[in-house]
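Structure assessment
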Amino acid sequence: MAVSFVQKRFVSSGLQKFLYNLSGFNKYGLHRDDMLYEDKDVKEAIKRLPQNVIDERNYRILRAIQLSIEKSILPKEKWTKLEDDKLYLTPIVNEVIKEREEREEWNKNY
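The name an unreviewed UniProt entry assigns to the protein is Cytochrome b-c1 complex subunit 7, from the organism Exocentrus adspersus. The annotation that UniProt attaches to the protein under Sequence similarities (unreviewed entry) is "Belongs to the UQCRB/QCR7 family." Database annotation for the protein, UniProt heading Subcellular location (unreviewed entry): "Mitochondrion inner membrane".

**A short note on the nonpolar core**
Counting residues in hydrophobic clusters, the biggest one holds eleven residues: V42, A45, I46, L49, V53, I54, Y88, L89, I92, V93 and V96. Discounting chain neighbours no more than four positions away, the residues touching I46 are E38, I54, R57 and L89.

**So, the packing of helix α2 (residues 40–47) against helix α4 (residues 90–109)**
For the pair α2 and α4, interaxial distance at closest approach is 8 Å and the crossing angle is 120 degrees. On the basis of their axis angle, the class for α2 and α4 is oblique. The handedness of the crossing between α2 and α4 is right-handed. Side by side, α2 and α4 meet where D41, V42, E44 and A45 of the first sit next to I92, V93, V96, I97 and R100 of the second. When grouped by side-chain class, the residues that make up the contact of α2 with α4 number six nonpolar, no polar and three charged.

**What about a nonpolar patch on the surface?**
Together, L15, F18, L19 and L22 make up a nonpolar patch on the protein surface, roughly 420 Å² of accessible area in all. Here L22 is to be found in helix α1 (residues 2–23).

Each value, and the rule that gives it
Residues numbered from 1 in each chain as written. Predicted model: local features only at pLDDT ≥ 70, side-chain atom pairs only at ≥ 80, totals over all residues. Heavy atoms only, no water. UniProt positions renumbered as here; feature names shortened; annotations may be inferred. Core = buried A, V, L, I, M, F, W, Y, C linked by side-chain atoms within 4.5 Å. Buried < 20%, exposed > 50% of the residue type's maximum accessible area, 1.4 Å probe, protein only. Contact = heavy atoms within 4.5 Å. Axes fitted to C-alpha atoms, helices over the stretch in contact; angles between N-to-C directions. Helix = DSSP H or I, 4+ residues; strand = E, 2+ residues; numbered from the N terminus. Parallel < 35°, antiparallel > 145°, perpendicular 65-115°, else oblique. Left-handed = near helix turned anticlockwise from the far one by under 90°. Nonpolar A, V, L, I, M, F, W, Y, C, P; charged D, E, K, R; others polar. Patch = residues over 30% accessible without salt bridge, like charges linked within 9 Å, V, L, I, M, F, W, Y side chains within 5 Å. Areas by Shrake-Rupley, 256 points an atom, 1.4 Å probe, with all protein chains shown as cover. Salt bridge = Lys/Arg side-chain N within 4 Å of Asp/Glu carboxyl O.

As structure tokens, this is what we get:
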């Protein structure tokens, strides 16, 4: 029982890494949250980030654009690894969406 759980977890982890590398954005040094479509909620969440995080995000995006123009990718040792890719923006986006939904509910009822 425990062995099969470990095997499933290992396969799941291996598959997760494979799919992460298959997505391609990590080859440009981008994070998952760098790839979010910038709608109103995401733009509000970006405003709430500390300035150093915004600067790091902008640097990664500009570097990826430059690499795309040059039709090249980063050396493999500089690719973003799944373990290093932390969701820095998604929790804030979820908070902004929740606030917007609460505001809409309030305006609808009052």
